[in-house]
Every structure is written in C-alpha cells, then in structure tokens.
Amino acid sequence: MERKKPRGILERLNAGEVVVGDGGYVMQLERRGYVKAGHWTPEAAVEHPEAVRQLHREFLRAGANVIQTFTFYCSEDKLEISGNVPNITGAQINEAACDLAREVANEGEALVAGCVSKTPCYVDTHNETEVKAIFKKQMDDFLKKEIDFFIAEFFEHVEEAAWAVEVLKTGGKPVGATLCISPEGDMHGVPPGECAVRLVRAGADIVGINCHLDPLTCVRTVKLMKAGLEKAGLKAHLMIQPLGFHTPECNHSGYLTLPEFPFALETRAMTRWDVHQYAREAYNAGIRYIGGCCGFEAYHIRAIAEELAAERGFLPPASEKHGLWGAALEMHTKPWVRARSRREYWEKLLPASGRPKCPSMATPADE
C-alpha cells in the first residue's frame, strides 16, 4: 500500500500549527566519534550511516516534525579544503543523507528538509556566479531525491544567504532561510530587520535564526526580523533553531569566540527546563517553526514538544518515558527527591556547575 504523503511545511505553518524542528548533528556526532572537529564535514552519512540514522530517530521520537539532511558544509569547496574525504564526493554525501532522512521521516509524519550552508567560496572570491553554482549543484542532488523543502542555514552574511535562496527557489519547493547572526546584525553590519526583508524579497517563505547564540538571544533577533518585515509590509513564517548553550557574554561572532569552544562547552549546556522557557518565549513571539542547532539533544527537542503540547494537541513518543515536570519522581524512595516532582521546583532551580574555581562567564576572543 502506497504511503500517504504528509502535509507540506507551508500547509502546516499556514494553518498556524507548531512545527518542531530537529536538533544539532555535527556536534553530537563529533562527541560520538563520527565527525572530525575543525571543518565539521558530514561524510558520516556515507561512512557511518547507522550513526546518522540513529540520531535522526532520536529526534523523531522526541517530537521533531522535520528531519534535516545531514549535509552541513557539504559544498565541494568545503570538502576539498577539509581533506577529510578524498574518496567521497559531495553528491555521494547528499544522496546518502537524503536517503537516511527520508527513511526515518517515513517512520513518522515528518518532512525532509534538504539543507545547504555557507561556502568558503563566498569569503574567498565573493563571486556570485561561482557561489550560486555551488548551491545549484547541491539543489540538483536534493531534487533527485524529492525532498519536501529546502533550508539555507548557518549564514553569517545575508548577501550569501539571499543568493542561496534565489537558487533554491528555482527548485519549485518552499524555502526556509536562517542566519547565524546576533541582534547587532550580520558580519557586514546589516541589521536583522533588513536581513529578513532581503531574504523574503529573494524568495524565502520562512526566515529566522540558527546557531551561534543562546535561545533567548536568538528569540530577540527573530523579533527584530519580524519588526523589519512588518515595517516593509512583507509577510513570512518565522523559524528559530538556536544554540543549546548559555552564551550571555557573547559578541557578534557568537560562541565561536568563547574559550571553551568547541571541546569544553558542557558546563554551558541548556537544561530541559531552560528549553521549556525558550519554547514558550519563541511561541509568544509568533514563531511557529521551533527547533535547535548545535548542543540541542533529543531531550531538548522533547522539551519543546512537551512545553507546546497543548498547542500541538499531543505529546511525542519519547514522553512515554518522561514524567512531565518531574512527575515520575513521586515514586522515588527518598523524600527529598520526591519533593522535586513538581514544576515549581525545576522552574526556580539555579543549577550549580560543581566547579568552584571556574568563573560564571568567560572573556570572548577578539573578533
């Protein structure tokens, strides 16, 4: 029996539904031994498909409505510079990543997003024709696999992101575009509001922020994007997939400037309760595509789905093994642990790091 095709991303967003995105791949797979830090290329989709498949499944079970292809930094120029994959082409990675994402998405009612990201070519040559050719090549790979929509993500310069959107729009599918920028704007100083306007005018159906900074900072930036669109009389759906770490002292370049990046970020990790707050703030800001990026694990995605369960009308499968707001602790044998089986306790908790000689914040490196 032929499987019924799930409703599309714009159909869901146009209906006002909450779409839960998935979490971070490169950092999780680096920690698990499948991605090499530095260039962060996605050859694991070919070399270790079982690892990528498992992470997809964890996000799906946690409540994700979208499974992104593991194609971050999969442009041919980035792969060549990395030196990680001399015998694997970008096309092979794109094909394998699409197959893995579709296999897992079909286990639920999830959609597959074909993803492109910033290129070394943009910084090196600033040649629009060359950069667009790179995006076109990736797009063609995705279209052969009939992905559901595109996401252009992790762009520091809105100009390059707009080029990506212009190319992806020719593929005839919806396009989302997210920038990894701060409330100060992109690396050329273009304010968030103007960035959003340029992306929508380039053809983006969904715009927002991903990575680099903590969730509440990213919510603030998306609000500025929303205000810019309203001022220009433009409309688009809003999305957010922030960093899963606390970055209160970060500057324009985000967590890349922190001394802990990338191998000592664990003490900055968001708790599931932090993510509840983030999901609510994002929803109240009018954002309906809510997910995560680097540092977001499956339990963080579950927290988004649980916080917005009333709005979505259901809980994810992973909630079968999780008492809401610690409710399962009511059965604990220790009375002081049983006392933690309530929302008020976790909302008011100020977590300790357990590192008495460590500062609460660091000094970011000069940009």
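The rules behind the values
- Residues numbered from 1 in each chain as written.
- Predicted model: local features only at pLDDT ≥ 70, side-chain atom pairs only at ≥ 80, totals over all residues.
- Heavy atoms only, no water.
- Phe/Tyr/Trp six-rings, centres within 6.5 Å; stacked < 30°, edge-to-face > 60°.
- Lys NZ or Arg CZ within 6 Å of the ring centre and 35° of its normal.
- Core = buried A, V, L, I, M, F, W, Y, C linked by side-chain atoms within 4.5 Å.
- Buried < 20%, exposed > 50% of the residue type's maximum accessible area, 1.4 Å probe, protein only.
- Contact = heavy atoms within 4.5 Å.
- Helix = DSSP H or I, 4+ residues; strand = E, 2+ residues; numbered from the N terminus.
- Salt bridge = Lys/Arg side-chain N within 4 Å of Asp/Glu carboxyl O.

> Whenever I open this one, the packing of aromatic side chains confuses me. Can you help?
The description of two aromatic rings rests on the distance between their centres and on the angle between their planes. Applying the stated criterion across every chain, the model contains 15 aromatic pairs. We note Lys78 situated over the ring of Tyr73; from NZ or CZ to the ring centre the distance is 4.3 Å. The ring of Tyr283 is capped by Arg288, whose NZ or CZ atom sits 3.7 Å from the centre of that ring.

> Where do I start with the nonpolar core in this structure?
Within soluble globular proteins, side chains that are nonpolar tend to cluster in buried spots. Within the largest apolar cluster, 103 residues are counted, with the highest numbers of intra-cluster contacts made by Leu199, Tyr255 and Ile304. For Tyr255, the contacting residues outside a window of four places in its chain are Met27, Cys211, His212, Leu243, Phe245, Thr247, Cys250, Phe261, Leu265 and Cys294. Grouped together as the second largest cluster of nonpolar side chains are 12 residues, Ile9, Val19, Leu111 and Met239 included.

> What is the right way to look at unusual backbone geometry in this model?
Among all residues except glycine, the phi angle is most often negative; among peptide bonds, the trans geometry is most common. Cis peptide bonds are those with omega within 30 degrees of zero, and the linkage from Phe261 to Pro262 qualifies with -5 degrees. Here Pro262 lies in the loop between strand 7 (237–241) and helix 12 (272–284). Of note in this structure, Trp40 is not a glycine but carries a positive phi near 55 degrees. Among the secondary structure elements, Trp40 is positioned in the loop between helix 2 (26–31) and helix 3 (44–47). If you check the backbone angles, Cys211 has positive phi at about 60 degrees while not being a glycine.

> Would you mind going over helix 10 (residues 192–202) with me for this structure?
Of all 11 residues that make up helix 10, eight are buried, and the element is covered over most of its length. When helix 10 is considered as a whole, its buried residues turn out to be Pro192, Gly193, Cys195, Ala196, Val197, Leu199, Val200 and Ala202. Those residues of helix 10 that are buried are in contact with helix 9 (158–169), strand 5 (175–179), strand 6 (206–210) and helix 11 (215–232).

> I keep staring at the environment of Met27 and nothing clicks. Help me out?
Positionally, Met27 belongs in helix 2. By relative accessible area, Met27 is classed as buried at 4%. Separated by 300 residues in sequence, Met27 and Ala327 have C-alpha atoms that sit 31 Å apart. Once you skip the residues sitting within four places of it in the chain, Met27 turns out to touch Trp40, Phe245, Tyr255, Phe261, Leu265, Cys294 and Gly295.

> Explain the pattern of salt bridges here, please?
Scanning the entire structure with this criterion turns up 22 salt bridges. Between Arg343 and Glu347 there is a salt bridge, with its nearest N and O atoms 2.9 Å apart. Linking Arg343 with Glu347, this pair stays in helix 16 (residues 343–348), spanning four residues, or about one helical turn. Using a relative accessible area of 40% as the deciding quantity, one classes Arg343 as partly exposed. With its nearest N and O atoms 3.0 Å apart, the salt bridge here joins Glu344 to Lys348.

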